[in-house]
Amino acid sequence: MKYNTAEVAQLQPDYLGFIFYEKSPRNYDLSEIPSLTLGIKKVGVFVNADLNFVLEKIDQFNFDVIQLHGNESPEYCEELNHKLDKKLIDKKYGSRIDIWKVFSIKDTFDFSILEDYEDVVDKFLFDTKGKEKGGNGYTFDWSVLNDYKAQKPFILSGGIGLEELAAVQELQKTDLPLYAIDVNSKFEDRPGLKNIENLNKLVGSFEPIKRAE
């Protein structure tokens, strides 16, 4: 698969994501990641992956964040935290690696589900519930977020394009702990190949919030 990671990195996003899920059309199948400008954090995205596979990819690509996009349990997250902390103590990692847990939303969501994850992940990511594990290309009903009462920061994902930016800015005016937006399919010419012109428009018109690309 062809990627334009280096071009995207020139736009200085806060995060760049790399998917390791064979069923995804964006599955990252290269042996290395192009050198990125200092300050861009690398996110490894996994779906119900074996812990040893996750650790192997961390060692290979030196990820800063692990995004869990499957049905990973709180116990799974706790064990991953334990293994990451041990590697940090053993000085195998230079800095702590964050864990983001993804939850898919459509018209309703029971936020009490998140309580068991509060102490074992660093941030939540809310995506659109659809046929695919991400990249479905449409937004969920953001009014559902009014029921989010926790203080843990979250990333907003799911079908965000240029036409959604005004609505995102309105969310920023609320008390919701919105940390970043995750843009993907609406900024692609095809899976894995980002449209640089549209990303430039995003950067030029929407500076106040972090962008996870």
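Below is a short write-up of the structure.

Criteria and thresholds
- Residues numbered from 1 in each chain as written.
- Predicted model: local features only at pLDDT ≥ 70, side-chain atom pairs only at ≥ 80, totals over all residues.
- Heavy atoms only, no water.
- Helix = DSSP H or I, 4+ residues; strand = E, 2+ residues; numbered from the N terminus.
- Buried < 20%, exposed > 50% of the residue type's maximum accessible area, 1.4 Å probe, protein only.
- Areas by Shrake-Rupley, 256 points an atom, 1.4 Å probe, with all protein chains shown as cover.
- Lys, Arg positive; Asp, Glu negative; His and termini not counted.
- Charge placed at Lys NZ, Arg CZ, Asp CG, Glu CD.
- Contact = heavy atoms within 4.5 Å.
- 1 Å grid on protein atoms, 1.4 Å probe; cavity = no way out; pocket = protein on both sides within 12 Å on 5 of 7 lines; lining within 4 Å.
- Points joined across faces, edges and corners; volume = space filled by probe spheres on them.
- Nonpolar A, V, L, I, M, F, W, Y, C, P; charged D, E, K, R; others polar.
- Arc of directions from axis to C-beta.
- Polar contact = N/O pair within 3.5 Å; in protein donor to acceptor, adjacent residues only side chain to side chain.
- Pairing = 2+ DSSP bridges.
- Right-handed = clockwise from strand over helix to strand, strands pointing away.
- Core = buried A, V, L, I, M, F, W, Y, C linked by side-chain atoms within 4.5 Å.

1. Focus on the overall build of the protein chain
Then, in step 1: Within the protein chain, the secondary structure is distributed over 5 helices and 10 strands.
Then, in step 2: Burial statistics for the protein chain: of 213 residues in total, 52% are counted as buried.
Then, in step 3: For the protein chain, the exposed area adds up to about 10,800 Å²; of that, 45% sits on carbon and sulfur atoms.
Then, in step 4: Where the 27 positive side-chain charges of the protein chain centre and where its 37 negative ones centre are 3 Å apart.

2. A short note on the environment of S104
Then, in step 1: Relative to the elements of secondary structure, S104 occurs in strand 4 (residues 98-105).
Then, in step 2: When its relative accessible area of 35% is taken as the criterion, S104 is described as partly exposed.
Then, in step 3: Spatially, the C-alpha atoms of S104 and Y93 are 31 Å apart, while their sequence positions differ by 11 residues.
Then, in step 4: If sequence neighbours within four positions are ignored, S104 has contacts with F109, D127, T128 and K129.

3. Focus: empty space enclosed by the protein
Then, in step 1: As enumerated under the stated definition, the model contains 1 cavity of 30 Å³ or more in all.
Then, in step 2: In terms of lining, the largest cavity is formed by N81, L84, D85, L88, Y93, S95, R96 and I97.
Then, in step 3: Tallied by class, residues from the lining of the largest cavity come to 4 nonpolar, 2 polar and 2 charged.

4. Remarks on helix 5 (residues 196-205)
Then, in step 1: For helix 5, the set of buried residues is I196, L199, L202 and V203. Looking down the long axis of helix 5, one finds its buried residues gathered within 110 degrees of arc, a one-sided arrangement. Of the residues in helix 5, the exposed ones pointing more than 90 degrees away from the buried face are E197 and G204.
Then, in step 2: Where helix 5 begins, the side chain of N195 points an oxygen toward the backbone nitrogen of E197, at a separation of 3.1 Å.

5. Comments concerning the environment of L162
Then, in step 1: Mapping L162 onto the fold places it in the loop between strand 6 (154-156) and helix 4 (165-172).
Then, in step 2: For L162, a relative accessible area of 30% gives the class partly exposed.
Then, in step 3: Counting along the chain gives 35 residues from L162 to D127, while the straight-line C-alpha distance between them is 17 Å.
Then, in step 4: Contact partners of L162, with chain neighbours within four places excluded, come to F187, N198, K201 and L202.

6. Considering the pairing of strand 3 (residues 65-68)
Then, in step 1: Burial along strand 3 is two-sided: V65 and Q67 and I66 and L68, pointing in opposite directions, are all buried.
Then, in step 2: Judged from the 4 bridges that link them, strand 2 (residues 41-46) and strand 3 form a sheet pairing that is parallel. Within the sheet, the bridge partner assigned to F46 lies in strand 3 and is L68.
Then, in step 3: Running through helix 2 (residues 51-61), the crossover from strand 2 to the neighbouring parallel element strand 3 is right-handed.
Then, in step 4: The pairing of strand 3 with strand 4 spans 4 bridges and is classified as parallel. Bridge pairing in strand 4 links I66 to I99.
Then, in step 5: In terms of handedness, the path from strand 3 via helix 3 (residues 74-89) over to strand 4 forms a crossover that is right-handed.

7. Points about the nonpolar core
Then, in step 1: The biggest cluster of nonpolar side chains holds 58 residues, and the ones touching the most others in it are F126, L145 and L156.
Then, in step 2: In terms of residue count, the dominant contributor to this core is helix 2 (5 residues).
Then, in step 3: Listed in part, the 9 residues of the second largest apolar core include Y15, V43, W100 and V102.

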